[in-house]
Amino acid sequence: MVELIQMWALVELLGLACLPLTVTVFHNMPDRGWAFSKVLAIALLAFCVWLPLMAWHALPFSQLYILGTVLILLAFSLIGWIRTRQALIKVVRLNIGYIVASELVFLGMVFLLGWVRSFGPDIRSYEMFMDEGFIASIMRSPHLPPNDMWFAGYSINYYYYAHFTIAVLAKLLGQSPSIAFNTGICMFFGLTAVNLFGVTCNIVAWARHLRKRVARDEGIEPADSVHPPLLGAIPYGLLTMMMGLVLGNLAATQQWWLNHGGAAPYDWFAPSRVIDKTINEFPAFSFLLSCFHAHVLALAFTILAIALAFNLLLEQGGQGLNVFGRGWHLPFTLGCTALVLGGLFTMNGWDFPTYVGLAIICIGLQQWLAYQSRFRLALLLDIFVASVSLVALSFLLYLPFYLNFTSPSQGIGIVGAADRSPLGSEILIYGLFAFIFLSLLLASASKRPLFGGQLSQQGNRFRIRADITSLILLAIVVFISLVFLPNSTTFLLAASTALLAVVLMFYNIGDRSQAFILLLGAIAFGLVAVCEVFFLKDVFAGNFPRMNTVFKFYFQAWALLSIASGAGLFFIFESFRPALSAPSLERWLQRGVEGLWSVGLLILLLASMVYPLLATPARYARPDATAQGSHLQRSNSLDGLLYLQNCRPPDCAYDSSGDYAAIRWLNANVQGDPGIIEAVGDDYTNYGRISAFTGLSAPMGWVGHEYQWRVNWLNQGNNGVEFERRSADVETIYTATQPNLVLTIMSHYHAQYLYVGPLEYAKYTSANLHRFSAFMQVVYNVGGVTIYKVK
């Protein structure tokens, strides 16, 4: 656990160093970006390390190089501290309670998952070998793009950038990849938690500030000139964090209800597979699984993108590029927003269109308000200039990634009627969020807009036209769904909810906080609706056409709805407050409705707690042969490789102690990135273990995964032939009797080492696996494992 303390301390120090930049970029936010300083610091450091390495291969990707980059950034930070010290002091002085709360959220969530992972830090099963291999190969690569551990001679053709961010931190600290896997997932859990907390607190704090100004009949000041108190928003921030990261879906509750009292253990995995032929992961499941996949690691950065979009929406009066601020605010805000948005594609390409779209919509709404809700040609021009500048810069910053990446996407498909989602399944996934968000829509419609009377006459006409147009569109959508889309109940309700949210967003456009959360909910339900009509074709399109589309977009919808629901509770509870002039009977009626609604909310929240309470022990319970049951046992370690030291059947397929010692030896004694030969086997097995835990590239690892990543690359030139022959080449190396043939093939893959361990002996039973000593050097021979090196 010492390594986790090191990682936490490093991120804290980076966050403090980044505060001058944070208060400059988030100049409109009530907390001036305090909650987001850590993840912004990581994004900035990773980019400053990554870009020079991609542009100049002579630079060494070493601990010293990373340290030098940190020192340069610290020098600029010192200048920033001098220039912004008064603003920073004011933020701390006015919001010390909120700052303490946000730091406790970060610290608590990091070590909560660290404590949970200590019951089972093992890197095995599912796709953990793949993610561990990415980290190990990135950390071992002497330059970028990083080597592919399972496709020697080529770089990783995957969204590896989020893995790279944690690899940079681990390399700076000197942590091994097998430790970085666990400290990294814990760090991202804490970063996501504090970002969810911070976004909601800022939204609610700004809403409370506006209401106080209206109650006092005072004008609205620019966001960057006021410091609304954040203490009262903390409960909403905590609820958002719980809904976004801790609570499960209602499918988990249903499973418990149907099976409680039975002898079967709780199936913690099943709630992520509610809709047939799809995956509906949610953050509580993903972090419990310790899924080090791109969509999980990118979550903290997507929440940062949401915060940046809200920061743009709060800009008062800034037309054109001034939506990013004035003076020094403009280049820093534009640059950091582009840096974060552009990074989303390199982390998880599915996130990029959603959050770029959110940013552009916020720019459009902000410009509409800056032009006082009057349509002009200059308005369109300013929206175009600001949006194109942001999108273009987000691409240019990461241009080296695009030049080295071939997308696996194969176009857009239409979802068949039989593959659409039943409404009951959607309720099991999003029941809690639907209850809150639909209540928010009702509350938003029933209350007069906060600034309805302040819009110009032309603005009011535009809003009425927009409302009528939206209702007409809703009617058209309903008609199309009923006529042309059979089995379209989910699409109909999701699309209708999204359109109603858009209508109410314009209805409440003067209240930017309320309009923003309505926009988030509209996008979330819009994503659900889109998944009912279209899917992105990939290698699974034949048997599981929309598996990944639902997987990736539902994960985004969960995050968006957690913020919309957590912050939306403020507006819902506000709607329950009766007017001072209301008759006593009306007041009692409203209080009764509020009480019944609160009971319903409490029941749903408690039901959603079933998953974290039951799934956590079920995930980490270990079989106990003596007691004929299972038990929990802490390992007091976060080293994901350690389990191999004593793993034997039936816990492991074979005695892995020999592999453990050999992997340790390779990591300690082999420098640079020479290739290695190991046996090729099926995906989701122990094959590929040596390259995954060392980062040494093998000719082929998990064939199915490499095919997924390179499906379009295979159609270029002779790449398909190159791909197909690799497994056969490995087979030849282990079975051929001619030394020259073996050495020639190894030379082709730049392999200097050949590994002979338990899996190799089991696979090549008829081959003489001791013959390699006649023409190669034996550099390791312990515990049933022999490693040969080309002389």
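The structure we're discussing is the one just above.
Residues numbered from 1 in each chain as written. Predicted model: local features only at pLDDT ≥ 70, side-chain atom pairs only at ≥ 80, totals over all residues. Heavy atoms only, no water.

**Student:** So what's going on with the pairing of strand β6 (residues 751-756)? Residues and values would help.
**Tutor:** By the criterion of burial, β6 is predominantly enclosed, with 5 of the 6 residues buried. As paired elements, strand β5 (residues 675-677) and β6 share 3 bridges and run parallel to each other. Bridged to I677 within β6 is L754. (Buried < 20%, exposed > 50% of the residue type's maximum accessible area, 1.4 Å probe, protein only. Helix = DSSP H or I, 4+ residues; strand = E, 2+ residues; numbered from the N terminus. Pairing = 2+ DSSP bridges.)

**Student:** Kindly report on the layout of surface pockets, identifying the contributing residues and their values.
**Tutor:** By volume, the second largest pocket amounts to about 1,000 Å³. Forming the walls of the second largest pocket are 35 residues, and the residues nearest its centre are P20, L21, T24, G80 and F332. Mapped onto the lining of the second largest pocket, the elements with two or more residues apiece are α1 (2-17), α2 (19-25), α3 (37-55), α4 (63-94) and α14 (329-347). No other element matches α4, which puts 12 residues into the lining of the second largest pocket. Within the lining of the second largest pocket, the residues separate by chemical class into 23 nonpolar, 8 polar and 4 charged. (1 Å grid on protein atoms, 1.4 Å probe; cavity = no way out; pocket = protein on both sides within 12 Å on 5 of 7 lines; lining within 4 Å. Points joined across faces, edges and corners; volume = space filled by probe spheres on them. Nonpolar A, V, L, I, M, F, W, Y, C, P; charged D, E, K, R; others polar.)

**Student:** Explain the state of the cysteines to me, and be specific about the residues and the numbers.
**Tutor:** This structure, assessed with the given rule, holds 1 disulfide. The disulfide that involves C647 links it to C652, with 1.7 Å between the sulfurs. Its S-S torsion of about 90 degrees marks the bond between C647 and C652 as right-handed, since a negative value means left-handed. With a relative accessible area of 11%, C652 lands in the buried category. In this structure C362 is a free cysteine whose sulfur lies 17 Å from that of C336, the closest cysteine sulfur available. The closest cysteine sulfur to the non-disulfide-bonded C531 is located on C291, 18 Å from its own sulfur. Using a relative accessible area of 0% as the deciding quantity, one classes C531 as buried. (Disulfide = S-S within 2.5 Å.)

**Student:** So, the packing of aromatic side chains: which residues are in play, and what are the values?
**Tutor:** Counted by the stated rule, this structure contains 64 aromatic pairs. For the ring pair Y161 and Y398, a centre distance of 5.6 Å and an interplane angle of 85 degrees mean the geometry is edge-to-face. Taken together, the positions of Y161 in helix α7 (residues 161-173) and Y398 in the loop between α16 (377-397) and α17 (399-403) put the pair 237 residues apart, joining distant regions of the chain. Like Y161, the residue Y398 is buried in the burial classification. Measuring from ring centre to ring centre gives 5.6 Å for W268 and F269, while their planes differ by 80 degrees; the resulting arrangement is edge-to-face. For W268, a relative accessible area of 9% corresponds to the buried category. Owing to a relative accessible area of 23%, F269 belongs among the partly exposed residues under this scheme. Above the ring of F61, the side-chain terminus of K171 is found at 4.5 Å from the ring centroid. In this structure, R619 packs its charged tip against the face of Y620, placed 4.8 Å from the ring centre. (Phe/Tyr/Trp six-rings, centres within 6.5 Å; stacked < 30°, edge-to-face > 60°. Lys NZ or Arg CZ within 6 Å of the ring centre and 35° of its normal.)

**Student:** Give a detailed account of the pattern of salt bridges, specifying residues and quantitative values.
**Tutor:** In total, this model carries 18 salt bridges according to the counting rule given. One salt bridge in this structure joins D651 and R124, with 3.3 Å as the shortest N-O distance. With D651 in the loop between β4 (629-631) and α25 (657-669) and R124 in the loop between α5 (96-117) and α6 (128-140), the pair connects residues that are 527 residues apart, well separated along the chain. Looking at D651, the relative accessible area reads 47%, which means it is partly exposed. Linked by salt bridges that have partners in common, D659, E678, R689 and E760 make up one network. (Salt bridge = Lys/Arg side-chain N within 4 Å of Asp/Glu carboxyl O.)

**Student:** An account of unusual backbone geometry is needed here, citing residue identities and associated values.
**Tutor:** At the junction of L144 and P145, the peptide bond is cis and its omega measures out at 0 degrees in the coordinates. Tracing the sequence through the fold places P145 in the loop between α6 and α7. Of note, the phi angle at K277 is positive, near 65 degrees, even though the residue is not glycine. Looking at where K277 falls in the secondary structure, it is placed in the loop between α10 (250-259) and α11 (283-289). Despite not being glycine, S373 has its phi angle at roughly 60 degrees, a positive value. Within the secondary structure, S373 is located in the loop between α15 (351-370) and α16.

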